[in-house]
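Observations on the model geometry
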Amino acid sequence: MRQRRAPVGGHAPWGWALAGILMGSLAALTTFAPARWLAEGLTNATGGRIVLDDPRGTVWTGSARLVLTGGSASQDRSALPGRLQWQLRPAWGGVRAHLSAACCTPAPLVLHAQPRWNGARIALADGQSQWPAAVLAGLGTPWNTLQPQGQLALQTQGLQAEWVAGRLVLEGLAQLDALAISSRLSTLRPMGSYRLTLQGGAAPTLALQTLQGDLQLSGSGQWAGQRLRFSGEASAAPEREGALSNLLNIIGRRNGARSLITLG
């Protein structure tokens, strides 16, 4: 009696079922990846300077307390009031992020990140936001000494950054207004309001000016390769020199009534 031969590929349905289970598990893992994975990645990428504390939700939709630090070995830490909310969605060969914080963003900030060959590109949609200056103290020196108080109002237009073979290219405009600023180094409250303007291009520039106040700040700078070279000066209104003398000694090299500020 001839033995019946099993059909060729008789085990194929089991193979397809296993493949389906694996693919479904991978999709579920990706979809429901915990928010702490994103928090760990951001901490590692920034050398511990930006921390998502107490992350909740998933990589794609979640929230956390945004904490700034002076780095992994630093004791300086400051947290944004409330929680930062995020939504990440695939978009145009990259990821689109919507970020919002009740304290600071009237409308969500929208970022579009795209990996590029040997680099990456991040674009920030035009918008406005306002942040407490006190959070800067977490970044360590010199902010932990200055302990600034006041509000930081940020406006952006066409702002984007691209890293190509380790080289940073900036485009667009960012304007940061530091409003009603005070410091623990001076009894004068507030000392003034100031504007910092970043203009992108082939050679990005940075300009500092005083909007109002007894502490006068001015300066300009330019990126040379990956390094910012900035020079400026600080001075006090004649009747406020006593109240601002300690601060002027700290923020730059004293030259008579002025304090000279140089970076790079």
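Residues numbered from 1 in each chain as written. Predicted model: local features only at pLDDT ≥ 70, side-chain atom pairs only at ≥ 80, totals over all residues. Heavy atoms only, no water.

1. Describing the side chain of S129
What counts, and what does not: Here a strand is any run of E in DSSP of at least two residues, a helix any run of H or I of at least four, and the numbering for each starts at the N terminus. Here a polar contact is taken to be a pair of N or O atoms separated by no more than 3.5 Å, where protein atoms must pair a possible hydrogen donor with a possible acceptor and residues adjacent in sequence count only if both atoms sit in side chains. Here a residue-residue contact requires only that any non-hydrogen atoms of the pair lie within 4.5 Å.
Looking at the secondary structure, you find S129 in strand β8 (residues 127-132). Polar contacts involving the side chain of S129 include one to the side chain of W131, which spans 2.7 Å. Ignoring any residue separated from it by four or fewer positions in sequence, one finds S129 in contact with C104, T105, P106, L109, L152, A153 and L154.

2. What about the state of the cysteines?
Note on terminology: a disulfide is the covalent bond linking the sulfur atoms of two cysteines. Put simply, the rule is: Counting rule for disulfides: a pair of cysteine sulfur atoms within 2.5 Å.
According to the stated counting rule, one finds one disulfide in the structure shown. The disulfide partner of C103 is C104, and the S-S distance across this bridge is 2.2 Å. Here C103 and C104 share a disulfide; its torsion about the S-S bond, -90°, makes the bridge left-handed.

3. Points about unusual backbone geometry
Geometrically, the link from T141 to P142 is a cis peptide bond, its omega value of 0° lying close to zero. For P142, the location among the structural elements is in the loop between β8 and α3 (143-146). Note that the residue after R189, namely P190, is joined by a cis bond; omega there is -5°. Take P190: it is sitting in the loop between β10 (167-182) and β11 (192-199). The backbone phi angle of D54 is positive, close to 50°, even though this residue is not glycine.

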